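# Descriptive structure summary
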Amino acid sequence: MGVRGLSQLRIAANKYFINIIPDRCKECGLCIAVCPTKVLGRGSERNLRGFRYVVALNPEKCIGCRNCEYNCPDFAIFIEVGAK
Amino acid sequence: MAVAHPLDKYLRTDRIPTMWCPGCGLGIVMGTLLRAVDRRIKEGSLKRENVGFAGGIGCTARMTLYPLFDSAHVIHGRAIPFALAVKIVKPEMKMIVVGGDGDLAAIGGNHILHAIRRNADLLVVMVNNMIYGMTGGQVAPTTPRGLYTTTTPYGNPEREMNMIKLTAALGANYVARGSITHPQLLEQYLYKALGKRGLAFVEVISTCPELFGRHIGFRSPVDLYMEIRKRIVIKAKPSIEESDYSWEKGFVIGEFVDRDEPGFTDTIYEYLNKIRGGGVQ
């Protein structure tokens, strides 16, 4: 649950949580390209606006560098540090 | 959970997604700018109600519509006079002027000259995507020589304009160049620039995937992003001579000028107090 019913995917990675807001994604692929450990990949499902939003293919590889968060132009992805 | 993204508290979320094309660098600049403002607000050196945005016309100036701060979208190239007027009337404000290369270097070129000459207390963020993006990819003063644009089909014959040299020559207090391909570095520059008195000028090398990248052979935003990242040279203390860029040589990023001279607001109030015998605030 997010702002005004925006859905939010919260994926438990190794020590982190990868949060993706599908309805904000514009399928530009920058987060996939900048990820140093290739956690993210292109999805096949479409969001409200018809873009195939990003999915976490290998969440266990996440090292929490937050490159995807910094490089997302549409505020659609962010990393939280989880307790473990 | 009421907040979707950590920066949602600074965003007008009903306007998101932005109008920018997929993969546009402007979203990265906006996120980075908000992170820098957030750092300043958290450490207490800036109050949230004292931050103001001003922008002229263009894709970049649309950035004033999205942050949840006082903001103004004014006529083309005239964001700097507007912000300067706000700053003189309300000296506690921190005005941030955002504009593209067309808005600040071409049409508003005259205004930026005199704002720097006066050392106006503003943060000017010029996002340089090397093209006039909103109107269809025409040649801009900042387009590197030899590149294809819609109005120069045989390559741009003109020299590119170097705003770093210009601002440094006129005496800005802080001059830096960042790039959207290195947002963590850019955040440091913006954070530092927000704490400066006098004019702080930050140029950001950005991408226009739709009307610049696609026309010169990069089919996806990622291709152009990676190409720009290859051409970026990071230097700790670059000299102003090194700021000249071209498509072949690449772009040197770093902090070019960092000095501390009194800003326009201080000077003008001191002057007013001298004539009127004090009491002007």
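Along every chain, residues carry numbers that run from 1 in the direction the sequence is written. Chains and ligands are labelled by the order in which they are written, letters from A for the one and numbers from 1 for the other. Confidence filtering applies because this is a predicted model: local features only for residues at pLDDT of at least 70, side-chain atom pairs given and counted only at 80 or more, and all residues used for totals across whole chains, interfaces and linings. In computing side-chain values, all of the structure's heavy atoms are included and hydrogens and water are not.

### Side note on the nonpolar core
Residue and element names in this part refer to chain B. Our working definition: Nonpolar cores are built from buried Ala, Val, Leu, Ile, Met, Phe, Trp, Tyr and Cys residues. Side-chain atoms within 4.5 Å join them into one set. Whether a residue is buried, partly exposed or exposed follows from its accessible area with a 1.4 Å probe, protein chains only, as a fraction of its type maximum: under 20%, in between, or over 50%, in that order. Segments assigned H or I by DSSP are reported as helices when at least four residues long, segments assigned E as strands when at least two residues long, and all are numbered from the N terminus. Here, residues are in contact when the closest pair of their heavy atoms is within 4.5 Å.
Core analysis: the largest hydrophobic core is formed by 44 residues, its most contacted members being Ile-96 and Val-125. It is helix α1 (residues 26-43) that contributes the most residues to this core, nine residues altogether. Not counting the four nearest positions on each side in its chain, Ile-96 is found in contact with Leu-33, Val-37, Val-51, Gly-52, Phe-53, Ala-54, Leu-123, Val-125 and Leu-194. By size, the runner-up hydrophobic cluster in this structure holds 30 residues, among which are Met-95, Ile-116, Met-126 and Ile-164.

### Considerations on the sheet that holds strand β1 (residues 51-55) of chain B
All names here are of chain B. Condition: Between any two strands, at least two bridges found by DSSP are needed for them to pair. Axis definition: a line fitted to C-alpha atoms, limited for helices to the stretch in contact. Angles are taken between N-to-C directions and run from 0 to 180 degrees.
Here we have eight strands laid out as an open sheet, ordered β2-β1-β3-β4-β6-β5-β8-β7, and mixed in their pairing. Since the sheet does not close on itself, it has two edges, and those belong to β2 (70-73) and β7 (232-234), each with one partner. With direction set aside, neighbouring strand axes in the sheet form an average angle of 20 degrees. For β1 and strand β3 (residues 94-100), the ladder comprises five bridges, and the chain directions are parallel. Along β3, the bridge assignment pairs Gly-52 with Met-95. Packing of helix α2 (residues 79-89) onto the sheet brings it into contact with β1, β2, β3 and β4 (122-128), and relative to β3 it is tilted by some 175 degrees.

### Points about the pairing of β3(B)
Residues and elements named next belong to chain B. For β3, the buried fraction is high: seven of the seven residues fall into the buried class. Every second residue of β3 is oriented toward a common face, with Lys-94, Ile-96, Val-98 and Gly-100 on one face and Met-95, Val-97 and Gly-99 on the other, all of them buried. Here β3 runs beside β4; their pairing, made up of six bridges, is parallel. Paired with Gly-100 across the two strands is Val-127, which belongs to β4.

### Here we look at a nonpolar patch on the surface
The test is simple: For patches, a residue must show more than 30% relative accessible area and have no salt bridge; joins then use 9 Å for like charges and 5 Å for nonpolar side chains, namely Val, Leu, Ile, Met, Phe, Trp and Tyr. Each accessible area is a Shrake-Rupley result for a 1.4 Å probe, and residues are judged covered by the shown protein chains and nothing else. Salt bridge, as applied in this entry: a Lys or Arg side-chain nitrogen positioned within 4 Å of an Asp or Glu carboxyl oxygen.
Residues Met19(B), Ile57(B) and Met134(B) make up a contiguous nonpolar surface patch of roughly 250 Å² in combined accessible area. Among the secondary structure elements, Ile57(B) is positioned in the loop between β1 and β2.

### Observations regarding the packing of aromatic side chains
Residues and elements named next belong to chain B. The line we're drawing: Ring pairs shown here join Phe, Tyr and Trp side chains whose ring centres sit within 6.5 Å, with only the six-membered ring taken for Trp; geometry is labelled stacked below 30 degrees between planes, edge-to-face above 60, and tilted in between.
Counted according to the given criterion, the structure contains six aromatic pairs over all chains. The interplanar angle of 85 degrees and the centroid separation of 5.9 Å between the aromatic rings of Phe-212 and Trp-247 together place this pair among those described as edge-to-face. A residue pair is termed long-range when its members are at least 10 positions apart, and Phe-212 in helix α7 (residues 209-213) and Trp-247 in the loop between β7 and β8 (251-258) qualify at 35 residues. With respect to class, Phe-212 is no different from Trp-247; both count as buried.

### Side note on the interface of chain B and chain A
Put simply, the rule reads: Note on definitions: buried area is the accessible-area loss of two parts on being combined, 1.4 Å probe, summed for both. In protein, a polar contact requires one atom able to donate a hydrogen and another able to accept it; more generally it is a pair of N or O atoms within 3.5 Å, and residues adjacent in sequence count only if both atoms are side-chain atoms.
Between chain B and chain A, the contact holds 32 residues from the first and 26 residues from the second. Summed over both partners, the interface of chain B with chain A buries about 2,500 Å², with 62% contributed by carbon and sulfur atoms. At the boundary of chain B with chain A, the tally comes to two salt bridges. Linking Arg35(B) and Glu69(A) is a salt bridge whose minimum nitrogen-to-oxygen distance equals 3.9 Å. Taken together, the connections running from chain B to chain A amount to nine residue pairs in polar contact (both at pLDDT 80 or more). Secondary-structure elements contributing two or more residues to the side of chain B that touches chain A are α1, α6 (183-194) and α8 (221-230) of chain B.

### Thoughts on the packing of α1(B) against α6(B)
How two helices sit against one another is set out by the angle between their axes and by the gap between those axes. Residues and elements named next belong to chain B. Where we set the bar: In this scheme, roughly parallel covers angles under 35 degrees and roughly antiparallel covers those over 145, while 65 to 115 is roughly perpendicular and the rest are oblique. Left-handed describes a crossing in which the near helix is turned anticlockwise from the far one by less than a right angle; the clockwise case is right-handed. The classification used treats Ala, Val, Leu, Ile, Met, Phe, Trp, Tyr, Cys and Pro as nonpolar, Asp, Glu, Lys and Arg as charged, and all other residues, Gly among them, as polar.
Where α1 meets α6, the axes come as close as 9 Å, and the angle between the chain directions of the two elements is 50 degrees. One way to sum up the angle between α1 and α6 is to call them oblique. α1 and α6 meet at a crossing whose hand is right-handed. On α6, the residues touching Ile-28, Thr-32, Leu-33, Arg-35, Ala-36, Val-37, Arg-39, Arg-40 and Glu-43 of α1 are Pro-183, Leu-186, Glu-187, Leu-190, Tyr-191, Lys-192 and Leu-194. For the contact of α1 with α6, the class distribution of residues is nine nonpolar, one polar and six charged.

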